[in-house]
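Understanding the architecture of this molecule
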Amino acid sequence: MATKKKLVVLSGAGISSESGLRTFREMGGLWEEYDVMEVASPQAWERDPELVTRFYNERRKQLLNCQPNDGHIILHELEEHFDVEIITQNVDDLHERAGSTKILHLHGELIKARSTVDENLIYELNDWELTSDSKCEKGSCLRPHIVWFGEAVPAISEATEIVSKADILVIVGTSMNVYPAAGLIDYASSNCPIYIIDPNEINMSSYGNRTFIKEKASIGMRKLFEILVS
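Below: a short report on this structure. Being a predicted model, the structure only gives us computed values, none of them experimental.

Conventions and cut-offs
Residues numbered from 1 in each chain as written. Predicted model: local features only at pLDDT ≥ 70, side-chain atom pairs only at ≥ 80, totals over all residues. Heavy atoms only, no water. Pairing = 2+ DSSP bridges. Helix = DSSP H or I, 4+ residues; strand = E, 2+ residues; numbered from the N terminus. Axes fitted to C-alpha atoms, helices over the stretch in contact; angles between N-to-C directions. 1 Å grid on protein atoms, 1.4 Å probe; cavity = no way out; pocket = protein on both sides within 12 Å on 5 of 7 lines; lining within 4 Å. Points joined across faces, edges and corners; volume = space filled by probe spheres on them. Nonpolar A, V, L, I, M, F, W, Y, C, P; charged D, E, K, R; others polar. Buried < 20%, exposed > 50% of the residue type's maximum accessible area, 1.4 Å probe, protein only.

Before going further, it helps to spend a moment on the sheet that holds strand β11 (residues 210-213). An order of β5-β4-β1-β9-β10-β11 is seen for the 6 strands of this open sheet, with the pairing classed as parallel. The sheet is open, and its two borders are formed by β5 (103-105) and β11, each paired with just one other strand. Direction aside, the axes of adjacent strands within the sheet are offset by 15 degrees on average. Note that strand β1 (residues 6-11) and strand β4 (residues 83-88) share 6 bridges and pair parallel. Across the sheet, residue Lys 6 finds its bridge partner in β4, namely Asp 83.

What follows is the structure, given as structure tokens:
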């Protein structure tokens, strides 16, 4: 049996927005009367952990009412034909719920919390609500398992390794403007074909072996499936 080609996917907010998840951009940089930086940074946590917790509780509650869309489902279907690995900037679990099996979350996971004294103590939440009474086994408060603005991205080294082994690279739902994620494309081999799915123009003129599919994620992924599998 022939070895499957490695298909690496870089996914962003555009694929999840079709499931009804509001992106930071759609929030206009604001949540209620607060700038997003005031609820998504280490300084915000130190200043007002209850406000930060409430922000992520609301996002988690919204996620529970969302379902994977065709873009997520087609990525799972591609596993029949390719060795698919997804590197996502999204913190939702919609790729998992669609059935994808190899997913690396660059920016953390909304459905998890972690200890404030030991970052290796990570817990999956059974509900949308995290409270100030939620403690780790060492007795400290739990914080959202999210990489906040200004924090290091621990998974970036693993992500670069995955991209370097790609036979095919797909970019869907992300403009690749946010670093360090934006730099991942530079680790793809020079002969690796790159497919970019986005309804908006994305400037990637410096990458020669590229194909643009100017569609939203669900339609673009179906077109990609037809290109790769037909």
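Moving on, there is more to tell.
Let's shift gears to the sheet that holds strand β7 (residues 122-124). Spatial strand order, β7-β6-β8: 3 strands in an open sheet with antiparallel pairing. Bordering the open sheet on either side are β7 and β8 (142-146), each of which pairs with just one other strand. Put simply, the sheet's adjacent strands are angled 45 degrees from each other on average, direction ignored.

Now for empty space enclosed by the protein. All chains considered together, the criterion is met by 1 cavity of 30 Å³ or more. If you add up the space inside the largest cavity, you get close to 30 Å³. Together, Leu 10, Ser 11, Ile 87, Thr 88, Gln 89, Leu 106, Met 176, Ala 181 and Leu 184 line the largest cavity. Of the residues assigned to the lining of the largest cavity, the class counts are 6 nonpolar, 3 polar and no charged.

The alternating pattern of strand β10 (residues 194-197) places Ile 194 and Ile 196 on one face and Tyr 195 and Ile 197 on the opposite face, and all of these are buried. As judged from the 4 bridges shared by strand β9 (residues 168-172) and β10, these two strands associate in the parallel manner. Counterpart to Leu 169 in the pairing with β10 is Ile 194. In this structure, β10 lies alongside β11, joined through 4 bridges in parallel fashion. Paired with Ile 194 across the strands is Arg 210, a residue of β11.

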